[in-house]
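If you want the building blocks of each chain, they are given just below.
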Amino acid sequence: MTQENLAEQAGVTRHTIMALEAGKYFPSLLLAFRIARVFGAPVEQVFEYHGEPK
Amino acid sequence: MSDSEKWARWTLGVVALTIAAYGAFVAFLGHGPATFSVFALLALTSVPASSRRYFKGRRFDEREQQIASKANRAGFGAFWVAFVGLIMAIYFIKGWNATLAVPVWTLTETLMWGFILIVGVEAVTTIMLYRGGPRA
């Protein structure tokens, strides 16, 4: 799946997907669930919590 | 590059051009009511399609909305600080009971500088937040 496809299905721009992948943006809970739904996986399989950024 | 980033870069360029033109105008022709004409350059901010990004019918996602909102707050926050600073400076320099008489063109010029401050800070904040980290 391309970033463009994921962005389209999740209802965001490709820039936001790129920022998410680069760890430059924390998605809202709603967006996290939408992305997880695109992958057909539970949200905890798609996102991991690594603690607060320093 | 998103429309907001394009807008921010273009706007910064227009702000820099306006400030440079203002400096050149004052240096060569002096400071007077005609100086106000330089601010017509600010109309260039509406030239690129990215300046109409809110009217193109496309949806802004949550990150773009957050950045736009923060940049907007930063711009108006800077304006507010400058406004209060200017008022306080006038009070302290001229005194609390002094009468201040200024030409209308000085007043309108001050407003244009206020506009430049708002869009300038908004543009810089937008660029910084798009480049920024997880808090963006």
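Residues numbered from 1 in each chain as written. Chains lettered and ligands numbered in written order. Predicted model: local features only at pLDDT ≥ 70, side-chain atom pairs only at ≥ 80, totals over all residues.

Side note on the overall build of chain A
Helix and strand counts for chain A come out as 4 helices and 0 strands. Reading the helices (α) and strands (β) of chain A from amino to carboxyl end gives α-α-α-α. The C-alpha atoms of chain A give a radius of gyration of 11 Å, which matches the 10 Å a tight globule of 54 residues would have. Counting only residues that meet the buried cut, chain A has 22% of its 54 residues in that class. (Helix = DSSP H or I, 4+ residues; strand = E, 2+ residues; numbered from the N terminus. Rg over C-alpha atoms; globule rule 2.2 N^0.38 Å. Buried ≥ 20, exposed ≤ 12 C-beta atoms within 10 Å, placed from the backbone.)

A few points about the nonpolar core
A:Ala7, A:Ala10, A:Val12, A:Ile17, A:Ala19, A:Leu20, A:Tyr25 and A:Ile35 together form the largest nonpolar core, which totals 8 residues. Contributions of two or more residues to this core are made by helix H1 (3–10) and helix H2 (14–21) of chain A. Examining the composition of this core, we find that 3 residues originate from one element, H2(A), more than from any other. Apart from the residues lying within four places of it in its own chain, the contact partners of A:Ala19 are A:Lys24, A:Tyr25 and B:Arg63. Among the nonpolar cores identified, the runner-up in size contains 6 residues, and B:Trp7, B:Val14, B:Val15 and B:Ala123 belong to it. (Core = buried A, V, L, I, M, F, W, Y, C linked by C-beta atoms within 7 Å. Contact = placed C-beta atoms within 7 Å.)

So, helix H1 (residues 3–29) of chain B
Residue and element names in this part refer to chain B. End to end, H1 covers 38 Å across 27 residues, agreeing with the expected 39 Å (1.5 Å per residue, within 8%). Those residues of H1 that sit buried are Asp3, Ser4, Trp7, Ala8, Thr11, Val14, Val15, Thr18 and Tyr22. Buried positions along H1 lie against helix H2 (62–94) and helix H3 (104–131). Once H1 finishes, Gly30 follows within two positions and takes phi at roughly 85°, a positive value. (Expected span 1.5 Å × (residues − 1).)

Concerning the interface of chain A and chain B
Listed per partner, the contact involves 13 residues of chain A and 9 residues of chain B. Considering each element in turn, the side of chain A that touches chain B owes the most residues, 3 residues, to H2(A). Here the residues of the side of chain A that touches chain B are counted per class, giving 6 nonpolar, 6 polar and 1 charged. (Nonpolar A, V, L, I, M, F, W, Y, C, P; charged D, E, K, R; others polar.)

By themselves, these are just geometric observations and shouldn't be taken as functional.
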